[in-house]
Amino acid sequence: IYTVHDTTPYHGATPSRLQVWGARSAPQLFDRVIVHTDDGKDALVNRGIAQSKVSVIPHGPIRYPKSSQNTKNKCDSDDDDKQIILFFGGIKKYKGVDVLLRSFANLPSEIRNQTKLKIAGSPSMEMKSLYSLAARLGIEEYVEWDVRYIPDEEVPMLFESTDLIVFPYRNADQSGALMTALPYGNPIVATDIGGFSKVLTDDVHGYLVEPESPESLSTALEDILSNESKQAQMSEAVLDLSENVYSWEKIAEQTIQVYKTAI
């Protein structure tokens, strides 16, 4: 039994054709294949994998112990009154950090001045272009770059001190970073693609926006950042999603059934 996290191998960033061939061919060798979304199943069936071999089982929330620190008191006293937008996860071209920077620059000055954009994650791309883009857009002072692998023990503090999570991806079947974010109950703005659109409901858990559109992303950010009551409602909805809809108990039951079928 083989689990395919993303049906687009390496999102076009692979160093060799051999790796792409291996990733695309591997599902053919197994008795059963697990994917996380219906779109992922359709992609494999279109490549010739028998529909009966493919099971859709959602990706569950990734949970960490709660931080022991009072994270609502920001470490930097200058940021005590600022709202924080967080991008979390590996920094890769398909994840659209450039789109996020452009959307942040589009925010009204009164909102931008009271907001900090934090980019946290290990880069798998050349970062100079992103730094240069932030400089050209005139938003350097608002962006905090935490460009490194974030150790497990620091993840809770990162999310607990955040007000809004953003996933401006260009494409993705599913996102481990999204499932890491759910248990913290922050409103989420993500592109209307793949696993995001299957997990999140627009105007309930946050907003789903058009990919490659800084304008629509900026509008969504502005709407949430300027409305405390909406933030609270969306936060409750995200927590409910994490605790009741995507439970590991249900996922375990579905996974056991796939193994029983294979046997």
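Read on for a plain summary of the structure. (Residues numbered from 1 in each chain as written. Predicted model: local features only at pLDDT ≥ 70, side-chain atom pairs only at ≥ 80, totals over all residues. Heavy atoms only, no water.)

### Comments concerning the overall build of the chain
Thought 1: Looking only at helices and strands, one finds eleven helices and nine strands in the chain.
Thought 2: Across the 263 residues that make up the chain, the buried fraction comes to 48%.
Thought 3: If you take every contact in the chain between residues at least 6 apart in sequence, the share linking residues at least 24 apart comes to 68%.
Thought 4: Surface accessibility of the chain: about 13,100 Å² in total, with carbon and sulfur atoms responsible for 47%. (Helix = DSSP H or I, 4+ residues; strand = E, 2+ residues; numbered from the N terminus. Buried < 20%, exposed > 50% of the residue type's maximum accessible area, 1.4 Å probe, protein only. Contact = heavy atoms within 4.5 Å. Areas by Shrake-Rupley, 256 points an atom, 1.4 Å probe, with all protein chains shown as cover.)

### A closer look at helix α5 (residues 128-137)
Thought 1: Taken together, the buried positions of α5 are L130, L133 and A134. The arc that holds the buried residues of α5, viewed along the axis, is 100°, so those residues lie on one side. In α5, the exposed positions angled more than 90 degrees off the buried face are occupied by K128 and R136.
Thought 2: One or two residues past the end of α5 sits G138, with phi positive at roughly 75°. (Arc of directions from axis to C-beta.)

### Topic: unusual backbone geometry
What you tend to see is this: most non-glycine residues have negative phi, and most peptide bonds are trans.
Thought 1: Phi at D203 is positive, roughly 65°, even though this residue is not glycine.
Thought 2: Along the polypeptide, D203 turns up in the loop between α8 (194-199) and β9 (206-209).
Thought 3: For E212, which is not glycine, the phi dihedral falls at a positive 60°.
Thought 4: As for its position among the elements, E212 is in the loop between β9 and α9 (214-225).

### Quick notes on the packing of helix α3 (residues 97-105) against α9
Geometry of a packed helix pair, given as the angle between the helix axes and the separation of the axes.
Thought 1: In contact at an axis separation of 8 Å, α3 and α9 are set at 60° when each is read in the N-to-C sense. Accordingly, the angle class assigned to the pair α3 and α9 is oblique. In the crossing of α3 with α9, the sense of the turn from one axis to the other is right-handed. Where α3 abuts α9, its residues V99, L100, R102 and S103 lie against P214, L217, S218 and L221.
Thought 2: Residues belonging to the contact of α3 with α9 are distributed by class as follows: five nonpolar, two polar and one charged. (Axes fitted to C-alpha atoms, helices over the stretch in contact; angles between N-to-C directions. Parallel < 35°, antiparallel > 145°, perpendicular 65-115°, else oblique. Left-handed = near helix turned anticlockwise from the far one by under 90°. Nonpolar A, V, L, I, M, F, W, Y, C, P; charged D, E, K, R; others polar.)

### Some words on the sheet that holds strand β6 (residues 143-147)
The strands making up a sheet associate through backbone hydrogen bonding, with each pair oriented either parallel or antiparallel.
Thought 1: Read from one edge of the open sheet, six strands run β6-β5-β4-β7-β8-β9, paired in parallel fashion. Edge positions in the open sheet fall to β6 and β9, since each of these has one partner strand only. Averaged over all adjacent pairs, the angle separating strand axes in this sheet is 20°, with direction ignored.
Thought 2: Two elements, strand β4 (residues 83-88) and strand β5 (residues 115-121), share six bridges in a ladder whose sense is parallel. Within the sheet, the bridge partner assigned to I85 lies in β5 and is L117. (Pairing = 2+ DSSP bridges.)

### Thoughts on the nonpolar core
Thought 1: Formed by 58 residues in total, the largest nonpolar core has its most connected members in F167, I188 and L221.
Thought 2: Not counting the four nearest positions on each side in its chain, I188 is found in contact with L164, I165, F167, L178, A181, L182, L200, H205, G206, Y207 and V238.
Thought 3: Counting residues in hydrophobic clusters, the runner-up holds six residues, among them V4, V33, L44 and I49. (Core = buried A, V, L, I, M, F, W, Y, C linked by side-chain atoms within 4.5 Å.)

### Focus on the sheet that holds strand β1 (residues 2-3)
Thought 1: Pairing within the open sheet is parallel, and its three strands lie in the order β1-β2-β3. Looking at the sheet topology across the chains shown, the edges are occupied by β1 and β3 (54-56).
Thought 2: Across three bridges, strand β2 (residues 33-35) lies against β3 in parallel orientation. Bridged to I34 within β3 is S55.

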